[in-house]
Amino acid sequence: MCGAQIGGPDLATLKPGETAIQGQITKDGEPVSGYVRLLDSTGEFTAEVPTSATGQFRFYAATGSWTLRALVPGAQADRAVVVAEAGGVTDVAIAV
């Protein structure tokens, strides 16, 4: 398990100008832990993070088009994400 805080990632840790994609994975309406992969606009693997016990994750990424791939026991889901603003936070909910 990663060292994420209870209640979700702390936005106070973002430095000025950092761009983040963050969110939570749920299965059947309940938070679930697993892994999330970040794929670039061509589908190439860029990064992977484990979720917290409450299914939360965060990536630091450039503006542009990304795909998040959630991998949890018994399920997988892809979610397209467009980060339009540098220095902002894009929140994503992924249901598998």
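The structure under discussion appears in the preceding block.
About the cut-offs
Every residue gets a number counted from 1 within its own chain, in the order that chain's sequence is written. Two thresholds apply to this predicted model, a pLDDT of at least 70 for residue-level local features and 80 or more for giving and counting side-chain atom pairs, whereas whole-chain, interface and lining totals are computed over all residues. Think of the side-chain values as coming from all heavy atoms in the structure, minus any hydrogens and water. Strand pairing is assigned whenever DSSP identifies at least 2 bridges connecting the two strands. Where helices and strands are cited, they refer to DSSP runs of H or I of at least four residues and of E of at least two residues respectively, numbered from the N terminus. For helices, the fitted line uses only the C-alpha atoms of the stretch in contact; every axis is such a line through C-alpha atoms, and the angle between N-to-C directions lies from 0 to 180 degrees. In these notes, a set of buried Ala, Val, Leu, Ile, Met, Phe, Trp, Tyr and Cys residues joined through side-chain atoms within 4.5 Å is what counts as a nonpolar core. For every residue, the accessible area obtained with a 1.4 Å probe (protein chains only) is divided by the maximum for its type, and the residue is called buried under 20%, exposed over 50%, and partly exposed between those limits. For this analysis, residues touch if any pair of their heavy atoms sits within 4.5 Å.

**Observations concerning the sheet that holds strand E6 (residues 64–72)**
Here is step 1 of the chain: Strand order across the open sheet formed by four strands is E4-E3-E6-E7, with antiparallel pairing between neighbours. Of all strands in the sheet, those with a lone pairing partner are strand E4 (45–50) and strand E7 (75–83), marking the two edges. On average, adjacent strands in this sheet sit at an angle of 20° to one another, irrespective of strand direction.
Here is step 2 of the chain: For E6 and E7, the ladder comprises nine bridges, and the chain directions are antiparallel. Along E7, the bridge assignment pairs leucine 68 with arginine 79.

**Focus on the nonpolar core**
Here is step 1 of the chain: By size, the foremost hydrophobic cluster in this structure holds 18 residues, and its most contacted members are Ile21, Phe57 and Leu68.
Here is step 2 of the chain: Sorting the residues of this core by element identifies strand E1 (20–27), strand E3 (35–39), strand E5 (56–60), E6, E7 and strand E8 (89–95) as the ones contributing at least two each.
Here is step 3 of the chain: Looking at this core, the element that brings in the most residues is E6, giving four residues.
Here is step 4 of the chain: In this view, leucine 68 contacts Ile21, Val36, Arg37, Leu38, Phe57, Phe59, Ala77, Asp78, Arg79, Val81, Val92 and Ile94; residues no more than four positions away in its chain are not counted.

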